[in-house]
Amino acid sequence: MQLGQVIGRVTATRKDERLVGTKLLVAQPIRLDGSLTGEPVIAVDTVGAGIGERVIYVMGSMAARALPETGAPVDAAIVGIIDTLDSLN
Amino acid sequence: MQLGQVIGRVTATRKDERLVGTKLLVAQPIRLDGSLTGEPVIAVDTVGAGIGERVIYVMGSMAARALPETGAPVDAAIVGIIDTLDSLN
Amino acid sequence: MQLGQVIGRVTATRKDERLVGTKLLVAQPIRLDGSLTGEPVIAVDTVGAGIGERVIYVMGSMAARALPETGAPVDAAIVGIIDTLDSLN
Amino acid sequence: MQLGQVIGRVTATRKDERLVGTKLLVAQPIRLDGSLTGEPVIAVDTVGAGIGERVIYVMGSMAARALPETGAPVDAAIVGIIDTLDSLN
Amino acid sequence: MQLGQVIGRVTATRKDERLVGTKLLVAQPIRLDGSLTGEPVIAVDTVGAGIGERVIYVMGSMAARALPETGAPVDAAIVGIIDTLDSLN
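The sections below set out a description of the structure shown in this document. (Residues numbered from 1 in each chain as written. Chains lettered and ligands numbered in written order. Predicted model: local features only at pLDDT ≥ 70, side-chain atom pairs only at ≥ 80, totals over all residues.)

Our next topic: the interface of chain C and chain B. It is common to report an interface's size as the accessible area lost on association of the parts. Between chain C and chain B, the contact holds 31 residues from the first and 26 residues from the second. In terms of strand pairing, strand β1 (residues 2–11) of chain B meets strand β6 (residues 84–87) of chain C through four bridges, oriented antiparallel. Residue pairing in the sheet places B:Thr11 in a bridge with C:Thr84 of β6(C). (Contact = placed C-beta atoms within 7 Å. Pairing = 2+ DSSP bridges. Helix = DSSP H or I, 4+ residues; strand = E, 2+ residues; numbered from the N terminus.)

Turning our attention to the pairing of strand β4 (residues 54–59) of chain A. All names here are of chain A. A large share of β4 lies buried, amounting to six of its six residues. Of the two faces of β4, the one carrying Arg54, Ile56 and Val58 and the one carrying Val55, Tyr57 and Met59 are both buried. As paired strands, strand β1 (residues 2–11) and β4 are joined by four bridges and run antiparallel to one another. Each residue of the ladder has a partner; that of glutamine 5, found in β4, is arginine 54. Where β4 and strand β5 (residues 76–81) come together, five bridges link them in antiparallel fashion. Residue pairing across strands places isoleucine 56 opposite glycine 80, the latter belonging to β5. (Buried ≥ 20, exposed ≤ 12 C-beta atoms within 10 Å, placed from the backbone.)

Core analysis: the largest hydrophobic core is formed by 164 residues, its most contacted members being A:Tyr57, B:Tyr57, C:Tyr57, D:Tyr57 and E:Tyr57. Once residues lying within four places of it in the same chain are set aside, the contact partners of C:Tyr57 are C:Met1, C:Gln2, C:Gly4, C:Ala27, C:Ala43, C:Ala76, C:Ala77, C:Ile78 and C:Val79. (Core = buried A, V, L, I, M, F, W, Y, C linked by C-beta atoms within 7 Å.)

Turning our eyes to something else, we now look at the relation of the copies chain C and chain B. What relates the pair of chain copies is a rotation about an axis plus a shift along that axis. In screw terms, the move from chain C to chain B is a rotation of 72 degrees and a rise of 0.0 Å along the axis, fitting with an RMSD of 0.0 Å. The transformation relating the two chain copies, once decomposed into turn and shift, fits a five-fold axis. Comparing interface residues between copies, only 6% of those in chain C also lie at the interface in chain B; the contact surfaces differ. (Least-squares fit on C-alpha atoms with pLDDT ≥ 70 in both.)

Take the interface of chain A and chain B next. Each partner contributes residues to the interface: chain A has 27 residues there, and chain B has 31 residues. Listed by contribution, the elements that provide at least two residues to the side of chain A that touches chain B are β1 and β3 (41–45) of chain A. For the side of chain A that touches chain B, the element with the highest residue contribution is β1(A), accounting for five residues. A per-class count over the side of chain A that touches chain B returns 14 nonpolar, seven polar and six charged. (Nonpolar A, V, L, I, M, F, W, Y, C, P; charged D, E, K, R; others polar.)

Time to look at the relation of the copies chain A and chain B. You can overlay chain A on chain B at an RMSD of 0.0 Å; the transform is a turn of 72 degrees with a shift of 0.0 Å along its axis. The overlap is low: 7% of the interface residues of chain A also sit at the interface in chain B, so different surfaces are used on the two sides.

All right, on to the environment of A:Met62 then. Turning to its location among the elements, A:Met62 is positioned in the loop between β4 and β5. The exposure class of A:Met62 is buried, given the 26 C-beta atoms found within 10 Å. For the pair A:Met62 and A:Ile51, spaced 11 residues apart in the sequence, the C-alpha separation amounts to 24 Å. If near-sequence neighbours (up to four positions away) are discounted, A:Met62 is found in contact with D:Ser61, D:Ala64, D:Pro73, D:Val74 and D:Asp75.

Here we take up the environment of C:Ala43. Residues and elements named next belong to chain C. Looking at where alanine 43 falls in the secondary structure, it is placed in strand β3 (residues 41–45). For alanine 43, a count of 30 C-beta atoms within 10 Å puts it in the buried group. Remark: the alpha-carbon pair of alanine 43 and serine 87, spanning 44 residues in sequence, is separated by 25 Å. The residues touching alanine 43, leaving out its near neighbours within four places in the chain, are Leu25, Ala27, Tyr57, Ala76, Ala77 and Ile78.

Structure, rendered in structure tokens:
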């Protein structure tokens, strides 16, 4: 899974009908110190995440497991909200 | 899923027969501010997207879910057209 | 899927027996203007592609769909030969 | 699989219920000489790894195989602890 | 699949029990001219590859197909040893 921060939200009226009712957030990878890195993805929120929160998100086919099984074409899902990030040092 | 913009279209006469009749668009990742980034992919359009539109596309095996189940070898599909992109700030 | 150009061919005598008889080409990603980018992959040819041709290739588990179902361990397959690439501008 | 070093740990109270009870570690890719590279991922520990240890981790849908089959949305799992890394030279 | 060179070997006493008995090699991507590029991965050897050899390796869930079906959590496997690499020019 990826460490990320929710940096935005997407709305889309025209979309696959199995995505209707999903909350689509934009998450960007972060490093252990919380700084942003990499490129943002659109992830379906399954845990009530909000803008600015640090989250855990799953990518690829396993992301679909986080949703009710509707056959939705989903490759990224937020599955946790980070409380603490403890680093090596 | 990825934030992208449709930047082109591909035609291919010789192709896997299960791709016949699909619309193959070229989508390039974009950032929250709409600027282009990363490398383009070829994605099957399932929502009537047009050149220049900002879209949501799915990658990997989940992309095949966006199409009628024909067993087509597809790893990217456009599944939504973005209305608004709201950022953190 | 990826936009690519066939830049080489691989021969391998010792290989998984389910790959025997496959044509293994080296494809490198290209941009819309046809220039090479990224890193090459080895893809099974399923459409009769030749050296120098611009092609569409699928990556990941969906690539296996392009082949007869033999259970071959394949993660990239050429599924189309590009006739035209129309860009935004 | 990836060569990595465990560099941190994540706690998340609000998460997918199938992740409850899993140990979520942060692993960063390493090179053969042990130096850190690339971007960290969150991986479920299945072998009792600790902070600072060099590990083998699996990514993508195959990572879920390392866990008891609960349908958990998991795309990275630590499946081994490296004893020795022998290089070419 | 990827073009790679075997650059090392990993031993791990503590590991997923379904990995016991597998040979874990470190493969690094190469370009058509044989020069090293990208980041190394740990791949299960299924064809008797040795240190220094140029190989074909599969990544993702398809890699598991290269092994006997034990449900092992594997996302990379060496499936061929390259005899010749013919390039465009």
